[in-house]
Amino acid sequence: MKRQMGNKTGPKQDKHLLRLYIAGQTPKSLLALRNLKKLCEDYKIASYEIEVIDLIKKPQLAQQDQILAIPTLVRNLPIPIRKIIGDLSNTERVLMGLNWARPDAPDGVQ
Amino acid sequence: MNTTARSHRSVKSGVAGQIEKAPTGIEGLDEITGGGFPRGRPTILCGGPGCGKTMLATEFLVRGATEFGEPGVFMAFEETAEENTQNVASLGFDLKSLSARKKLLLDYVYVERSDIQETGEFDLEGLFIRLENAIKTVKAKRVVLDTIEALFSGFSNAAILRAELRRLFRWLKDRGMTTVITAERGEGSLTRQGLEEYVSDCVILLDHRITDQASTRRLRVVKYRGSFHGADEYPFLIGERGISVLPISSLGLQHNAPTQRLSTGISDLDQMLGGKGLYRGSTVLLSGTAGSGKSSIAAHFAAAACARGERCLYLAFEESAGQIARNMRSIGIDLNKWVDKGLLRITAQRPTQHGLEMHLLQTHTRVEEFRPRVVIVDPITNLITGGNDREIRSILTRLIDFLKGRQITALFTSLTSAGGELERSEVGVSSLIDTWLLLRDLEVNGERNRGIYVIKSRGMAHSNQIREFFLTGQGIKLVPAYLGVEGMLTGSARVAQQLREQEEMLARQLEVEKLRMELKSKRKALDEKVVELRAQFSAEEKRLEHEVALSDGREARMKKGRMAMAFSRKADRAAQPTPVSANGPGGDR
């Protein structure tokens, strides 16, 4: 998996690579995608890219990327990789999961 | 009764209406379950940590792939695929090669709670897709979900999880997957998360207990919908070749009864056994107290088998192989010779080294490897001290069935205590035994002698005598029974009795001699007396004759005097005194 090292600027300024795993165009999946886009806008993520992966089309990725729950959101960038599940309607948890809750805290120190 | 019989038949023939089964290929398990796990349905395998769930599940897949042409998917939620590969490699299962040949697919599902934030509604479609992909990849017929309960630690929303698991099991059933789901034993329930509520077709419980420091694994079919199954707890082993479940009647009483006879290696003993020795394939129990010569008789038996060119497996639980060979040399039996020729294999082990079942399995393995015609277990008592009576009986039954099924003649020695208590407790085992020889210490007059007798021997006219025997430099010698007036005598009592009888005979001879001497001396005395008396008599005679002569002379002289006087008186002739001479000497006495 691609890793980016040594970039220590603020979390929101970092380039975000977000991968959303879904299984077909289910209401849950669509809701999750909507919620994700909204969050990125609301939290003013400077640069982000959302990659939607439909496991029905690429089933082998379920094993490769260790996906069980649908929908699953994986933040590949900035590091560390973070993984959250669900339709992203609980904003508090999404922020906690993506470590966006404290915008000033340095990220990637784990 | 009727239904049982019918369902049993259907297992083998697969009659419609009865549930179809997928054989596990695991030794013994298919017998208990009447053919295997329910085909196309989920089976729960539950038990505590380290009880062998993963092993059993893995073997189910491996055997399915290698023996029944049913590829499988192993989805692990706890161990990594790498770890599991290593674990089962010890059982001789090469998962890597099976994976490479697409007979098996290992998928490790990484579950870690700290990783996952639940941000709303979700389902486990990812798992389904993953599983489906895996099933398609190897065209699987079998699936193992190894501790799917681990998911409960990865997701906090148990309600979703339960609904999803229910859906998963139904999904697997719809796809006709014979599935094994392992689960941790819960408190008060079979599985920690109550999975048995969702899977009700077949539930198998594994258990790992320590009894007297020896570990025993047990398996029980708690539930098997639509099928008969053994209800007991069956011991099972994880051995060098996988799992073996040991049902009590693994063979039953189906074995043939050979009529061929074998020598015990001691011709006198053969004489006691109907003159021809033991039947091939029979089971012999040789019990006796410590030092009564059990091992020596066993060694004779072993040497005799080897001399016939048969392989003999000697399982020693008391002495090392070297010690046995050395000790037997002292009674003139060279076991090393047979070991070198490859006819004799002595395996010495401490009985405490493994549990009862493990010993049984090892015996199985060794017999399968070495293919002996004679097996000696010396002593079986050491082996069975660990278990209770029921266990011992079941283990022995299985061991005997196994050996009989292969027409292997078995000799078990058994150590009994001098009190005779064990002798009685062995009666429980004795019904399994064909020939029972008892070695006894005969304690009389402050010494201990060895006696042997045949308690029973099926199918032959055997001796009822107690025979004394010696351990000599040339092996065991049976002494002809010495029956005196007071019953059987042994040892020095026998020798003493023989001596006593010799002495008595000698004494009688002396007595006669003495009487003869006495008679002789009496005769001699009589003769001497006769001589003496004769001498006395003759002396007297002489004296008396002399006296007679003297008195005759006096008479004559007196007559002469009287005549002279008469003459001088001119007396009448008629007046001669004749009667005087007649009265003279006689009247004196």
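Here goes a summary of the coordinates provided. Numbering of residues begins from 1 in every chain and follows the order in which that chain's sequence is written. Labels are handed out in written order, letters beginning with A for the chains and numbers beginning with 1 for the ligands. Owing to the predicted nature of the model, reporting of local features is limited to residues with pLDDT of at least 70; listing and counting of side-chain atom pairs is limited to 80 or more, with chain, interface and lining totals taken over all residues.

### Some thoughts on the overall build of chain B
Our working definition: Starting at the N terminus, helices and strands are each numbered in turn, a helix being any DSSP run of H or I of at least four residues and a strand any DSSP run of E of at least two. Each residue is classed by its C-beta neighbour count within 10 Å, where at least 20 other C-beta atoms makes it buried, 12 or fewer makes it exposed, and intermediate counts make it partly exposed; the C-beta atoms are placed from backbone geometry. Here, residue contact means that the backbone-derived C-beta atoms of the two residues sit within 7 Å.
When helices and strands are tallied, chain B shows 19 helices and 25 strands. Here chain B holds 589 residues, and 41% of them are scored as buried. Long-range contacts, defined here as pairs at least 24 residues apart, represent 71% of the contacts in chain B between residues at least 6 apart.

### Some details on the overall build of chain A
The helix and strand inventory of chain A stands at three helices and four strands. Out of the 110 residues belonging to chain A, those deemed buried represent 39%.

### Thoughts on the interface of chain B and chain A
Keep this limit in mind: Amino acids are sorted into nonpolar (Ala, Val, Leu, Ile, Met, Phe, Trp, Tyr, Cys and Pro), charged (Asp, Glu, Lys and Arg) and polar (every other residue, Gly among them).
Between chain B and chain A, the contact holds 20 residues from the first and 28 residues from the second. Considering every element that reaches the side of chain B that touches chain A, the biggest residue donor is helix H6 (residues 125–138) of chain B, with seven residues. Grouping the amino acids of the side of chain B that touches chain A by side-chain chemistry returns seven nonpolar, five polar and eight charged.

### Section: the sheet that holds strand E6 (residues 116–118) of chain B
We count it as follows: The rule for pairing is simple: two strands pair if DSSP sees at least two bridges between them. Here an axis means a line fitted to C-alpha atoms, over the contact stretch when the element is a helix, while the angle between two N-to-C directions is reported on a 0 to 180 degree scale.
Read across the open sheet, the five strands follow the order E2(A)-E1(A)-E3(A)-E4(A)-E6(B); overall the sheet is mixed. Taken across any chain shown, the strands that pair with only one partner, and hence form the sheet edges, are strand E2 (47–54) of chain A together with E6 of chain B. Strand-to-strand, the axes of this sheet are offset by a mean angle of 20 degrees, without reference to chain direction. By the bridge criterion, three bridges tie strand E4 (residues 82–85) of chain A to E6 of chain B in an arrangement that is parallel. What sits directly across from Ile 84 of chain A, in E6 of chain B, is Gln 117 of chain B.

### Quick look at unusual backbone geometry
The amide bond that connects Ile 70 of chain A to the next residue, Pro 71 of chain A, takes the cis arrangement and shows omega of -5 degrees. Tracing the backbone through its elements, the reader meets Pro 71 of chain A in the loop between helix H2 (60–64) and strand E3 (72–77). Asp 378 of chain B connects to Pro 379 of chain B through a cis peptide bond whose omega is -15 degrees. Secondary-structure assignment places Pro 379 of chain B in the loop between strand E18 (374–378) and helix H14 (380–384). Positioned with a positive phi, Lys 139 of chain B is a non-glycine residue whose angle comes to about 55 degrees.

### Some remarks on helix H11 (residues 321–329) of chain B
Residues and elements named next belong to chain B. What counts here: Read the arc as the range of directions from the helix axis to the C-beta atoms.
Within the sequence span of H11, burial applies to Ile 324, Ala 325 and Met 328. Each buried residue of H11 sits inside an arc of 95 degrees when the element is viewed along its axis, so together they form one side. Residues of H11 that are buried sit in contact with helix H10 (294–307), strand E16 (312–316), helix H12 (335–341) and strand E17 (344–348).

### Quick notes on the environment of Thr 85 of chain B
Residue and element names in this part refer to chain B. The residue Thr 85 is located in helix H4 (residues 81–89) in this model. On the neighbour-count criterion, Thr 85 (19 C-beta atoms within 10 Å) is partly exposed. Those residues in contact with Thr 85, other than ones at most four positions away along the chain, are Leu 95 and Lys 96.

### Description of the sheet that holds strand E21 (residues 447–457) of chain B
Residue and element names in this part refer to chain B. Spatially, the nine strands line up as an open sheet ordered E17-E16-E18-E19-E15-E20-E21-E22-E23, and their pairing is mixed. Two strands in the sheet have a free side with no partner beyond their single neighbour: E17 and strand E23 (475–479). Along the sheet, successive strands turn relative to each other by an average axial angle of 25 degrees, direction set aside. Across 10 bridges, the pairing between strand E20 (residues 435–444) and E21 is antiparallel. Considered in E21, the bridge of Leu 437 is made with Val 454.

### Description of the nonpolar core
Residues and elements named next belong to chain B. The criterion, for reference: What we call a nonpolar core is a set of buried Ala, Val, Leu, Ile, Met, Phe, Trp, Tyr and Cys residues whose membership is set by joining through C-beta atoms within 7 Å.
In terms of nonpolar packing, the biggest core is built from 156 residues, with Ala 302, Cys 312, Leu 335 and Ile 376 touching the most fellow members. Looking at this core element by element, the count peaks at nine residues for H10. Beyond its immediate chain neighbours, meaning those up to four positions away, Ala 302 contacts Cys 312, Tyr 314, Leu 335, Leu 344, Val 374 and Ile 376.

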